[in-house]
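Structural features, examined
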Amino acid sequence: GAGVSQTPSNKVTEKGKYVELRCDPISGHTALYWYRQSLGQGPEFLIYFQGTGAADDSGLPNDRFFAVRPEGSVSTLKIQRTERGDSAVYLCASSPGQGRNNSPLHFGNGTRLTVT
Amino acid sequence: KQEVTQIPAALSVPEGENLVLNCSFTDSAIYNLQWFRQDPGKGLTSLLLIQSSQREQTSGRLNASLDKSSGRSTLYIAASQPGDSATYLCAVRRYNTGKLIFGQGTTLQVKP
């Protein structure tokens, strides 16, 4: 079946602009995760949704970052007033979720964000 | 605060060798540990998941072990092949949280 889909695959934007990154999880997966990965580093946790609600947003670096999942499926990560330090690969993952916490995470291929 | 460390950062071996990748974590209160593979420009593929009550998991030529008390996990790759070349990441999940904490990865190159 279809895996986790992220769009766009690449995004180049100017400093100060607003960007939206989209994630389509595997159908039926209630848990959705956003991670950020810089070159040569492991992924860094940003936010985790269980259904429509953010169960843990402790990884969001500041209030320029916001994520939504209004219908419990597709999620959008929104970054306001982008800075060059926001440049990274943004990864989305999903898993079956509640009550099945020993299921592995399935990752998308990521969105490479470049802020010039 | 949970910290995950992977050693070595990079490894180059000739084809056919057996090898071990190491992962250590500072807080033993984990729910599970996962090993992932990442190819250049791609997302992560889950290889093995070890629950906190388990000692090891095997899949094909891969074997992962977990020693919670010492805060260590190893990924053993038997008879390595050039197609095994990738970055290998371990990640731990704490109890009562959804998030995984990742190590920085070990980049493996298997030379033909």
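Reference entry: report on the structure contained in this document. (Residues numbered from 1 in each chain as written. Chains lettered and ligands numbered in written order. Predicted model: local features only at pLDDT ≥ 70, side-chain atom pairs only at ≥ 80, totals over all residues. Heavy atoms only, no water.)

Counting secondary structure elements, chain B contains zero helices and eleven strands. Its helices and strands in sequence order give chain B the pattern β-β-β-β-β-β-β-β-β-β-β, from N to C terminus. Taking 112 residues into account, the globule formula puts the C-alpha radius of gyration at 13 Å, and chain B, at 13 Å, falls close to it. For chain B, the spread of C-alpha atoms along the principal axes amounts to about 45 × 30 × 20 Å. For chain B, long-range pairs separated by at least 24 residues make up 55% of all intrachain contacts whose partners lie at least 6 apart in sequence. The average position of the 11 basic charges and that of the 8 acidic charges among the side chains of chain B differ by 8 Å. (Helix = DSSP H or I, 4+ residues; strand = E, 2+ residues; numbered from the N terminus. Rg over C-alpha atoms; globule rule 2.2 N^0.38 Å. Contact = heavy atoms within 4.5 Å. Lys, Arg positive; Asp, Glu negative; His and termini not counted. Charge placed at Lys NZ, Arg CZ, Asp CG, Glu CD.)

So, about the sheet that holds strand β3 (residues 19–24) of chain A. Sheet strands pair by backbone hydrogen bonding; their relative direction is either parallel or antiparallel. Residue and element names in this part refer to chain A. Ordered by their spatial adjacency, four strands build an open sheet running β1-β3-β8-β7, and the pairing between neighbours is antiparallel. In this open sheet, the two edge strands, each paired with only one partner strand, are β1 (5–7) and β7 (65–68). Going across the sheet, the axis of each strand differs from the next one's by a mean of 15°, ignoring polarity. (Pairing = 2+ DSSP bridges. Axes fitted to C-alpha atoms, helices over the stretch in contact; angles between N-to-C directions.)

Taken as a whole and judged by the stated rule, the model has seven aromatic pairs over all chains. Judged by centre distance (5.9 Å) and plane angle (55°), the ring pair of tyrosine 35 of chain A and phenylalanine 107 of chain A falls under tilted. One end of the pair, tyrosine 35 of chain A, is in strand β4 (residues 31–37); the other, phenylalanine 107 of chain A, is in strand β10 (residues 106–107), with 72 residues separating them in the sequence. Taken together, the aromatic side chains of Tyr35, Phe45 and Phe107 of chain A together with Phe36 and Phe102 of chain B make up a single cluster linked through ring pairs. (Phe/Tyr/Trp six-rings, centres within 6.5 Å; stacked < 30°, edge-to-face > 60°.)

This next bit is on the nonpolar core. Residue and element names in this part refer to chain B. Ranked by internal contacts, the top residues of the largest apolar core, which has 22 residues, are Phe25, Leu33, Trp35, Leu75, Ile77, Tyr88 and Leu108. Mapped by element, the contributors of at least two residues to this core are β3 (19–25), β4 (30–38), β5 (44–51), β7 (62–67), β8 (72–77), β9 (86–94) and β11 (106–111). Excluding residues that lie within four positions of it along the chain, isoleucine 77 makes contacts with Glu17, Asn18, Leu19, Arg61, Leu62, Asp84, Tyr88 and Leu108. (Core = buried A, V, L, I, M, F, W, Y, C linked by side-chain atoms within 4.5 Å. Buried < 20%, exposed > 50% of the residue type's maximum accessible area, 1.4 Å probe, protein only.)

All right, on to the side chain of serine 73 of chain B then. All names here are of chain B. Among the secondary structure elements, serine 73 is positioned in strand β8. By relative accessible area, which is 1% here, serine 73 ends up buried. There is a polar contact of 3.0 Å between the side chain of serine 73 and the side chain of tryptophan 35. Excluding residues that lie within four positions of it along the chain, serine 73 makes contacts with Leu21, Asn22, Cys23, Phe25, Leu33, Trp35, Ile50, Ser65 and Leu66. (Polar contact = N/O pair within 3.5 Å; in protein donor to acceptor, adjacent residues only side chain to side chain.)

Residues and elements named next belong to chain B. Taken in spatial order, the five strands of this open sheet run β1-β3-β8-β7-β6, and their pairing is antiparallel. In the strand order of this sheet, the two ends are held by β1 (4–7) and β6 (56–59), each with one partner. On average, adjacent strands in this sheet sit at an angle of 15° to one another, irrespective of strand direction. Relative to β7, β6 runs antiparallel, the two sharing four bridges. Bridged to glutamine 57 within β7 is alanine 64.

All right, on to the environment of alanine 88 of chain A then. By the secondary structure assignment, alanine 88 of chain A is in strand β9 (residues 88–95). What alanine 88 of chain A contacts, discounting residues up to four positions off in sequence, is Arg36, Gln37, Ser38, Thr111, Arg112 and Leu113 of chain A.

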